[in-house]
Amino acid sequence: MNMEQSQQNNKKKINRRDIVKSLAALPVLGAFFIGSSSKKAKDGNLRDKILNELNIKAQAPPPVGSMAGDPVRLGIIGVGIRGTQLMRGLGFATDDWKNTMKENALKNPKDKRLSDFLDQENLNVKVSGICDVFDVHAERGINAGTTDKNTPVRYRTYQEMLESKDIDAVVIATPDHWHAPMAIAAAKAGKHVYVEKCMTHKLKETYDLYDAVKASDIVFQVGHQHRQTQSFLTAQDIVKKNVLGHVSLIQANTNRNDDNGAWQYKIHEKASPQTIDWQQFLGNAPEIPFNKEHFFRWRKWWAYGTGLAGDLLTHDYDRINCLLDMGIPKSVIATGGVYTHRDGREVPDVFQVAMDYPDFYVGSSQAAGKEKGMTFLYSATLGNQYNRKTLLMGHDATMEIGSSLFVYPDPRSTRYYDWLSNDMINTSDPMYSYNPSSKGVDAVTGATAKYFADKGLMYTYRDGKRVDSTFLHLKEWLSCIRNGGKPSCGIEEGFQEAISAHMATLSVLTGKKIEYDADTQRIANVEDNELMKIGLA
Amino acid sequence: MKIKRPRYKTGQLAMLTVLRIIIGWHFLYEGIVKLWNPGWSAAGYLQDSGGVFAPFFKWLASAPGLIYTVDTMNVWGLILIGLSLILGVLSRAGILAGIVLLAFYYLSHPPIIGADYALPSEGSYLWVNKNLIEMIALAVLYVFPTSRILGLDRLIFGDDDEEEIFLTNDTPEAFSEKTLIEQ
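These figures come from a predicted structure and were not determined experimentally.

S.K.: Help me understand the overall build of chain A in this model?
M.R.: Of regular secondary structure, chain A possesses 18 helices and 19 strands. In terms of principal-axis extent, the alpha carbons of chain A reach across some 100 × 65 × 50 Å. Evaluated residue by residue, chain A yields a buried proportion of 44% over its 537 residues. A sequence separation of at least 24 residues applies to 72% of the contacts in chain A between residues at least 6 apart.

S.K.: Teacher, can you tell me more about the environment of A:Gly337 here?
M.R.: Residues and elements named next belong to chain A. Along the chain, Gly337 falls in strand β8 (residues 331-337). The class of Gly337 is exposed, set by 11 C-beta atoms lying within 10 Å. Residues Gly337 and Gln352 lie 15 residues apart in sequence; the distance between their C-alpha atoms is 9.6 Å. Each residue touching Gly337, except ones within four places of it in the same chain, is listed here: Pro348 and Val350.

S.K.: Could you clarify how one ought to interpret the packing of helix α11 (residues 230-240) of chain A against helix α14 (residues 307-324) of chain A in this entry?
M.R.: Helix-helix packing is described using two parameters, namely the angle between the two axes and the distance between the axes. Residues and elements named next belong to chain A. Axis separation between α11 and α14 bottoms out at 8 Å; the angle between their running directions is 50 degrees. One way to sum up the angle between α11 and α14 is to call them oblique. Residues Phe232, Ala235, Gln236 and Val239 of α11 form the contact with α14, whose own contacting residues are Arg319, Cys322, Leu323 and Leu324.

S.K.: When you look at α14(A) in this model, what are you seeing that I'm missing?
M.R.: Residues spaced three or four apart along an α-helix point in a common direction, a consequence of the helix completing one turn every 3.6 residues. Residue and element names in this part refer to chain A. Compared with an ideal rise of 1.5 Å per residue, which puts 18 residues at 26 Å, α14 spans 25 Å between its outermost C-alpha atoms and is within 8% of the ideal. The axis of α14 is deflected most strongly, by about 50 degrees, at Leu313. The buried fraction of α14 is high, at 16 of 18 residues. The first or second residue beyond α14 is Asp325, which carries a positive phi of 50 degrees.

Each value, and the rule that gives it
- Residues numbered from 1 in each chain as written.
- Chains lettered and ligands numbered in written order.
- Predicted model: local features only at pLDDT ≥ 70, side-chain atom pairs only at ≥ 80, totals over all residues.
- Helix = DSSP H or I, 4+ residues; strand = E, 2+ residues; numbered from the N terminus.
- Buried ≥ 20, exposed ≤ 12 C-beta atoms within 10 Å, placed from the backbone.
- Contact = placed C-beta atoms within 7 Å.
- Axes fitted to C-alpha atoms, helices over the stretch in contact; angles between N-to-C directions.
- Parallel < 35°, antiparallel > 145°, perpendicular 65-115°, else oblique.
- Expected span 1.5 Å × (residues − 1).
- Bend = angle between axes of the 7 residues up to and from the residue.

Here it is as structure tokens:
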């Protein structure tokens, strides 16, 4: 057969046989649509049934008021690592940072830090003052805070800054031992306060700061920015709807394995007694000669820092406290030591804490009275970074929480017994998952929704757009200053965070199980002389 | 005289067509499920990529706005390829597109030694996985086409069923006798 014949053959008249053969697969398509539609209906009904029964609402974040009006005039106290980050959250970056980020973005188009920063909403604030005892840091703050219309004033001491009529509010990002003295003075001077965690360094300061803030009209916020993370707002609802059953155990962890994570921060080459006001840095810390390592790596010594308890336990504690509102534990026992960074530091780098709440109860699926009480376990090492999950473990389900959220039914659940028996759900796939970076809430779609979750401390999502949670936390504080309202991590939450962290520190330093008397709001079994001895009076 | 493809025996035609239809079914359902699930996105899968092409796939997931295009193209690609294979319409293009799509899936998560993915696969694979097998099966269908015999391509491009093989030096008559004897 040649080409001509072939074409003739192709062009031959279409007969009935051709039609039948060409449409041979049509019944398959019919079967496909019948099958897939009924499967969709079944899955959809199942999904709706589960979602309706659980009744979890992916909560919208609380509205934040307008930023209009005169700019809020800020004083920044401490422009180290965190202070610089907070300034960026407020909309102020140094030229050096912007240039470095520009170069990074050219090298790597995925690096969006500069464009994210430039796209950040204007919070209508102005940096009126900078206070830092290290000249290089103070200049950095002035550089970042300078705009066409404004150049920040450098104050040599925080007292001078607080006396100024040009300052409405202060952001405190100093070493921990300065948090309370500065925040108390600011509250007394009527300046609003945003203070980094741990809110205080010593036990007594915690009460003094509480009283000072209560006696003032200021807006006070502690820097636990994860309270802005949308997954936590959803998790609050999961707890409220008693999806998990009685929660008897919570585990949260810190796993780091790098020098920066172990507080071995860079020592600046320009650091010297001429560029650092050493006496002012020391403050209430024991008098020692000028020491660069103490200045830059202050977290390693009890005189200035609060160790893993104040630096990282506080974040995990507050992450859980904002879900369960469990408050201060009845007792705390902690162990640990310097096991991974034996460089002369005092503060443990491996640290385990058990906080007990014998009266904790948010609801149950079992007989009344059978369940009550909960332990919060915090476990940390600075010598391994295996990603251990944050888990809330209930009789009916386990919730894994980070920037995403997963709820797994428990095989022995009372509430989900029927669903498990009918294979409506299974224990290896989440029965509810929430991934804010995805386009919606996902229930019962199984393994495809399993992404690794981080702790939700860096970014969160608003309307599907990635936002810096520190920015949101600062924005909430500024909104309360302008429009009134209560910030999400105010003095009550800060008080609970600080006392709980100090109980863990006291336990590891005294070797005792530390008990809290909720009636007197005092730690029951540590004497003042013990506190004096360990420097936490 | 040019040698053309021999006419399929009934069993060969049946099995090749069944293979075409079930691969089409698989594509179509993968596409439809994604279309029906508004929360679905390839972002997580792409972010989890491994192997030498991982930076490219991660870039697809992270470039703003691009993931929307990737998701849409993937969903509709799967659906159209599925329909093409089941109905046997524009099959050559459908098969090639299917091979390209499967090559993307394969290359983003190649089952190489040392690869470790967050998204678990349901079997054990080394170099060869189901994506690769499905891709090769499509390649087989490309060289053994059926859509002009059983499929809408028969109406578009004409019947391909009647073509016969002629050995270069044989006359059509001689060849017919030979095949008759063999059959």
